[in-house]
Amino acid sequence: MLFYSFFKSLVGKDVVVELKNDLSICGTLHSVDQYLNIKLTDISVTDPEKYPHMMSVKNCFIRGSVVRYVQLPADEVDTQLLQDAARKEAATQAKA
């Protein structure tokens, strides 16, 4: 739930999603669900020569299981808060 909560805080920000098939899609994060499925708006591909069929697509839904990386804007990430939350979640899982 840590990553879900984190991604929910980035709704409305520009991100780059790299898929397992090497397609990278830039766009505005519209929504994310508990399975880390992602909906992007105003998208563009980073390599339009390789994926010309994606030029006409403006919005997309990406299944969470096909995502390799999500590149986030550096100024939007509070690393200290994220590290503290990860430590707390690890501590509660260790007690269980």
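Residues numbered from 1 in each chain as written. Predicted model: local features only at pLDDT ≥ 70, side-chain atom pairs only at ≥ 80, totals over all residues. Heavy atoms only, no water.

Caption draft 1: Looking closely at the overall build of the protein. When you go through the protein residue by residue, the secondary structure sums to two helices and five strands. Listing every helix and strand of the protein by position from the N terminus yields α-β-β-β-β-β-α. The C-alpha extent of the protein, read off along each of the three principal axes, is 50 × 25 × 20 Å. Burial status across the protein gives 30% buried among its 96 residues. Contacts spanning at least 24 positions in sequence make up 45% of the contacts within the protein whose residues lie at least 6 apart. Surface accessibility of the protein: about 6,500 Å² in total, with carbon and sulfur atoms responsible for 55%. (Helix = DSSP H or I, 4+ residues; strand = E, 2+ residues; numbered from the N terminus. Buried < 20%, exposed > 50% of the residue type's maximum accessible area, 1.4 Å probe, protein only. Contact = heavy atoms within 4.5 Å. Areas by Shrake-Rupley, 256 points an atom, 1.4 Å probe, with all protein chains shown as cover.)

Caption draft 2: Inspection of the nonpolar core at higher detail. If you look at the biggest cluster of nonpolar residues, it comprises 19 residues, and the most contacted ones within it are V17, I25, I38, L40 and I62. Mapped by element, the contributors of at least two residues to this core are α1 (2–8), β1 (14–19), β2 (24–32), β3 (38–45) and β4 (59–62). Among the elements that make up this core, the one with the highest residue count is β3 (four residues). Among residues more than four places away in sequence, those in contact with V17 are L23, S24, I25, I38, L40, I62, V67, Y69 and V70. (Core = buried A, V, L, I, M, F, W, Y, C linked by side-chain atoms within 4.5 Å.)

Caption draft 3: The arrangement of the sheet that holds β2 in detail. Taken together, five strands build an open sheet; the order of strands is β4-β3-β2-β1-β5 and the sheet is antiparallel. At either margin of the open sheet sits one strand with a lone partner, and together these are β4 and β5 (67–71). Neighbour to neighbour, the strand axes of the sheet diverge by 40° on average, direction disregarded. Two elements, β3 and β4, share four bridges in a ladder whose sense is antiparallel. Across the sheet, the residue bridging to L40 is C60, located in β4. (Pairing = 2+ DSSP bridges. Axes fitted to C-alpha atoms, helices over the stretch in contact; angles between N-to-C directions.)

Caption draft 4: A look at the UniProt feature "domain: Sm" (unreviewed entry) in the protein. UniProt marks residues 2–76 with the feature "domain: Sm" (unreviewed entry), using the numbering shown here. Secondary structure over residues 2–76 splits into 9% helix and 43% strand, and the C-alpha atoms at its two ends are 16 Å apart. (UniProt positions renumbered as here; feature names shortened; annotations may be inferred.)

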